[in-house]
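# Structure assessment
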Amino acid sequence: MPQGDSKVCAPLTIANTNKQAPNKMSTAASTQNSGSGGSALMKAYHELAKSQWDIPFMLMLLLAEFLLGVIIVWKVPYTEIDWIAYMQEVGMWLDGEYDYRNIYGDTGPLVYPAGFLYLYGALKSITDEDIPKAQIIFLFLYVMSQAIVFSLYTCVVRWQRQQKVGSSNININTNASSSSSSNSGSSTNHQVWLMRVAMGCLCLSKRYHSIFLLRLFNDAPTMMVALASFLCFMNHRWNIGCFFFSIAVSLKMNVLLFAPGLLYLLIQASPKWTIPRLAICGFTQVILGAPFLATYPVSYLRKAFELDRKFTYKWTVNFKFLDEQTFLSSRWALLLLTLHLSLLVIYHYRIHQNRRKEWILSPKGILSILFVSNFVGICCARTLHYQFYSWYFPSLPFLLWTSNAHPLAARFVILLVIELAYLTFPATPTSSMMLQVAHFATLVPHIMVLPDEDETDQRRQQQDGSAKKSS
């Protein structure tokens, strides 16, 4: 019962019977206390959504991640997969071998660019190949990587707040109702908490933790550097961003999956500076690869950027529902490549047609375009191995939470399905099919470029403002 009603009903109850009065009054009091409790919760909900709580929220998540990481390193046994092979490859290079054809480890020949050798050469020197020491370093790399991802998400949140503030100013200038401004503020706070829920989901992946802390794969530091470059791009630091992007490519070439989106953004930011900024990427690769390019250039280019690599059916996570012959066929590879290129063209065309330049170069637009560009490549990849999850896991909550296509419960289900697919070892036809269904359920709404909530709200409010002015 509302508080106002209780005040009206209480005297009527006293007039009718004194025996019932205490019960009615206590019910009214409890209702009033309940209402005040709910009001306090709502006040906290709106207060904690303010920008001054962004950093404390991030720090809380990072502290939880650090403590969880310590427990994992301490309690969960390490699983050897590639660390020994990495050390063998680095050792051969340090012994003076510069021909990529002759650098190999237990898992096969070296297939990573020069930056990989420099990074793991440093790790070899620091750790003396001791795995627990390496795990401690990777724990700090993991926390740094999560800090960067949280910063990316927070940049988007703060941009959304600014958009709502601008919309509120429009309402004020056009004498719009205060209820409209209040609704706008409530909507903004709701979006903030939704994005914080998405950030919380980034801390819950068992497989993602293991890639960093229990496997020591080079995919982990590669993506950390790539994500750092995105933070530069979102702050319109394009030159330094291109430098870090190229550093990430030198660690592992999967980062090139983001390249179509980056090229589009560079053109949108400044057509005349596009070629010089691409030159920064290329020149960085030349400098890093110089010792190998100067001695065995063909060997280096063929092995470090091996585009015709053969894949093993045994380890595929995403296509176990195919038979091995189909999986290895050139026709299947051509079909996937055609689908990949077609989806990229459709996406960037629809973005160009349906989004304003201000949105494209906003933090949300930049991160969306980079993440979708990469995710198209993931969905169309010839194969995905377990460690490849790190290539796109940081983007999954963002892609799901910035799309209006799925209700909140469905977003959690999609995340859970993808996680379970990567926890299924070995992969099965069912787990692979579930993975691909979840992938495309996430991707298709972005490819279709469904209306963006922030931009739609802003346009609606601007139209309302113009209508009020004209009237």
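These numbers come from a predicted model, not from an experiment.

### Here we look at the environment of I360
As for its position among the elements, I360 is in helix α16 (residues 357-360). Residues I360 and Y264 lie 96 residues apart in sequence; the distance between their C-alpha atoms is 9.7 Å. Setting aside its immediate chain neighbours within four residues, I360 contacts Y264, L265, Q268, I351, R355, G365, I366 and I369.

### Quick notes on the packing of helix α15 (residues 330-354) against helix α20 (residues 429-447)
At their nearest, the axes of α15 and α20 sit 9 Å apart, and the two run at 40° to each other. Judged by the angle between their axes, α15 and α20 are oblique. Contacts between α15 and α20 pair L339, L343, I346, Y347 and R350 from the former with F440, L443, H446 and I447 from the latter. Across the contact of α15 with α20, the residue classes break down as seven nonpolar, one polar and one charged.

### Quick notes on helix α13 (residues 297-304)
Where α13 is concerned, the buried positions are S299, Y300, K303 and A304. Along α13, the residues classed as buried sweep out an arc of 100° about the axis, all on the same side. Facing away from the buried side of α13 by more than 90 degrees, the exposed set consists of V298 and R302.

### Some points on the side chain of D219
Residue position: D219 is located in helix α9 (residues 219-234). When residues no more than four places from it in sequence are discounted, the contact partners of D219 are K252, Q387, F388, S390 and W391.

### Quick word on the pattern of salt bridges
Under the definition given, this model contains eight salt bridges. Of the charged contacts in the structure, one is a salt bridge between E47 and K50, with a shortest N-O distance of 3.0 Å. Sharing partners across several salt bridges, the network here consists of D54, R158, R161 and R196.

### What to know about α20
With 19 residues, α20 should reach 27 Å at 1.5 Å per residue; the first-to-last C-alpha distance of 26 Å fits that figure. Those residues of α20 not exposed but buried are S431, S432, L435, Q436, A438, H439, T442, L443, P445, H446 and I447. Of the surrounding secondary structure, the elements contacted by the buried residues of α20 are α15, α17 (363-379), α18 (396-401) and α19 (408-423). Once α20 ends, the next one or two residues include V449, with phi positive near 50°.

### Let's talk about the side chain of S250
Positionally, S250 belongs in helix α10 (residues 238-251). Classification of S250 by relative accessible area gives buried; the value is 2%.

### Observations regarding the layout of surface pockets
Estimated volume of the second largest pocket: approximately 240 Å³. Every residue lining the second largest pocket is counted, 15 residues in all, and those nearest its centre are V76, K206, R207, S210 and L214. Among the secondary structure elements, those contributing two or more residues to the lining of the second largest pocket are α3 (54-75) and α8 (206-213). Top element by residues in the lining of the second largest pocket is α8. It accounts for four residues. Tallied by class, the residues present in the lining of the second largest pocket amount to eight nonpolar, four polar and three charged.

Reading guide: rules and limits
Residues numbered from 1 in each chain as written. Predicted model: local features only at pLDDT ≥ 70, side-chain atom pairs only at ≥ 80, totals over all residues. Heavy atoms only, no water. Helix = DSSP H or I, 4+ residues; strand = E, 2+ residues; numbered from the N terminus. Contact = heavy atoms within 4.5 Å. Axes fitted to C-alpha atoms, helices over the stretch in contact; angles between N-to-C directions. Parallel < 35°, antiparallel > 145°, perpendicular 65-115°, else oblique. Nonpolar A, V, L, I, M, F, W, Y, C, P; charged D, E, K, R; others polar. Buried < 20%, exposed > 50% of the residue type's maximum accessible area, 1.4 Å probe, protein only. Arc of directions from axis to C-beta. Salt bridge = Lys/Arg side-chain N within 4 Å of Asp/Glu carboxyl O. Expected span 1.5 Å × (residues − 1). 1 Å grid on protein atoms, 1.4 Å probe; cavity = no way out; pocket = protein on both sides within 12 Å on 5 of 7 lines; lining within 4 Å. Points joined across faces, edges and corners; volume = space filled by probe spheres on them.

By themselves, these figures tell us nothing about what the structure is for.
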